[in-house]
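For reference, the chains in residue letters:
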Amino acid sequence: MSQNSPSETRLRLRAVLNAQFAVILAVCLVAAAVGGGLVYTTHVDPGTETESRTVSSLTVETEYVHSAEVTEPNSVFDTGTVLDGRNTYFTRVAPVLDVDVQTSYAAGAASDVEVSFESVLVIRNVGSEGGTVYWDDRETLTTETVSGVEPGETASASFALNSSEVAATASEIESELGASPGETETFVATAVTVEGTINGEPTSYARTIEMTLTPGGDTYSVSEPGVQSDTTEQTEPVTVERSYGPLRSAGGPLLLLAGLAGAGGLAYARREVDLALTPAEREYLSYRDDRSEFAEWITVIRLPESVHERPEAEASTLRDLVDFAIDNDTGVVEDPATDAYHAVTDEFVYTYTPPRLAVETADDAETAEDGEGTDDTETAEDGEGADDKAWVDADVSSAPTPDGRDPDGRAPDAGDSDPSDETD
């Protein structure tokens, strides 16, 4: 018998469907219901959701622009030359730093917009880690408000810093206090305010930027942050139709179809096919389980005819035959000639014959009808020659040959009596 019958998978599928029919049907129906719900809520009535939509925005940009005019004669720069945008300036020839704070804004619409500036010079002494301020001195450099500023227009406020005077002020304070426990730093802090009706709404914007001034004797350094930009958006709630991703859009219909197909297939199988296994089919599956479990104990060997001359005992299952072989320290042989399993001992041969499925028996019958026995069957059914065949078989089986041998060609045993003598 083949080791892997093509009917085994179908039998096991039937067994599972029969045992778990209600559970599998429930799963299919639930899947169909969930898929139907997803299809309805995704494609038929997706519903709505509230989103925030940007209706306007305000962008404010502020920067420092600085320069220093050469006021002392020298061999490098002409008097009156403007040095601008540098990180380092020369204290002796250009001691005064001119600074402009410039602010502009961008908006869809605006009216009555005012831009205010307040710049303060801060000189202070702080601890090395920046956590402690030992002293500070503040001086207002400029306070200015520019009215009627339109979008894209630049408003500015100007002030000047004399680096020599700044350094002298710091030295004077340190001298008065008699000590400088930390590090002295100098910077300008500018508070910028934008107020007005922007994009149809009353708007107020405020930000502070800083520029550092570091006196160094013959030179002084300027460090500014560049263009500082801030954008604020005005939003409003908008109700829109809910949208879903491709996974849900395609998964819902697929789940619905799979659930319906599964439930329909189960109903068809139960109506058209007897899912319950017959005793023979259950016996076959039990044999296949045993064959797989005990495969390492079974060897495929063609046994000689002499083995079958021993008395034969029949095992009811392959498991029983393997258990017996293990207990008696012998092997289990699968004979390809007989498709049976044998355990051979000195006196007996123990045999298990696997069950044959009904479908296999039917296939064998069809093969026989198409093969060599067709003529004999048809002849017997027609009634012609059937009696003659039976008579010929009986006659040949009993009549001796002229040399005294039986029809199989064997010479009579010495103990056999001559038929003619018995007749006499």
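Residues numbered from 1 in each chain as written. Predicted model: local features only at pLDDT ≥ 70, side-chain atom pairs only at ≥ 80, totals over all residues. Heavy atoms only, no water.

*Asks:* Tell me what's going on with the packing of helix α1 (residues 8-19) against helix α5 (residues 279-293), and back it up with residues and numbers.
*Replies:* Contact geometry of α1 with α5 gives a least axis separation of 11 Å together with a crossing angle of 115 degrees. In terms of axis orientation, α1 runs roughly perpendicular to α5. The hand of the α1/α5 crossing is left-handed. In this structure, α1 uses Glu 8, Leu 11, Arg 12 and Arg 14 to contact α5, whose residues at the interface are Glu 281, Tyr 284, Leu 285, Arg 288 and Asp 289. A class-by-class count of the residues in the contact of α1 with α5 yields three nonpolar, no polar and six charged. (Axes fitted to C-alpha atoms, helices over the stretch in contact; angles between N-to-C directions. Helix = DSSP H or I, 4+ residues; strand = E, 2+ residues; numbered from the N terminus. Parallel < 35°, antiparallel > 145°, perpendicular 65-115°, else oblique. Left-handed = near helix turned anticlockwise from the far one by under 90°. Contact = heavy atoms within 4.5 Å. Nonpolar A, V, L, I, M, F, W, Y, C, P; charged D, E, K, R; others polar.)

*Asks:* With reference to specific residues and values, describe unusual backbone geometry.
*Replies:* Most of the time, phi is negative for any residue but glycine, and the peptide bond is trans. For Asn 199, which is not glycine, the phi dihedral falls at a positive 55 degrees. Structurally, Asn 199 is set in the loop between β8 (183-198) and β9 (201-215). Here the phi dihedral of Asp 339 falls at roughly 60 degrees; this positive angle occurs in a residue that is not glycine. With respect to the helices and strands, the residue Asp 339 is situated in the loop between β14 (332-335) and β15 (340-344). Of the residues examined, Asp 339 reaches a relative accessible area of 28% and is grouped as partly exposed. (Buried < 20%, exposed > 50% of the residue type's maximum accessible area, 1.4 Å probe, protein only.)

*Asks:* Could you give an account of the sheet that holds β8, with specific residues and numbers?
*Replies:* The sheet built from six strands is open, its strands ordered β3-β10-β9-β8-β5-β6 with antiparallel pairing. This sheet does not close on itself; its edge strands, each paired only once, are β3 (88-90) and β6 (133-147). Pairs of neighbouring strands in the sheet enclose a mean axial angle of 20 degrees, with direction left out of account. Strand direction decides the pairing type here: β8 and β9, joined by 12 bridges, are antiparallel. (Pairing = 2+ DSSP bridges.)

*Asks:* Give me the lowdown on α1, citing residues and values where you can.
*Replies:* Helix length check: α1 (12 residues) gives 16 Å between terminal C-alpha atoms against 16 Å at 1.5 Å per residue, within 8%. Among the residues of α1, those classed as buried are Glu 8, Leu 11, Arg 14 and Leu 17. Looking at the buried positions of α1, the neighbouring elements they touch are α2 (21-44), α4 (246-272) and α5. (Expected span 1.5 Å × (residues − 1).)

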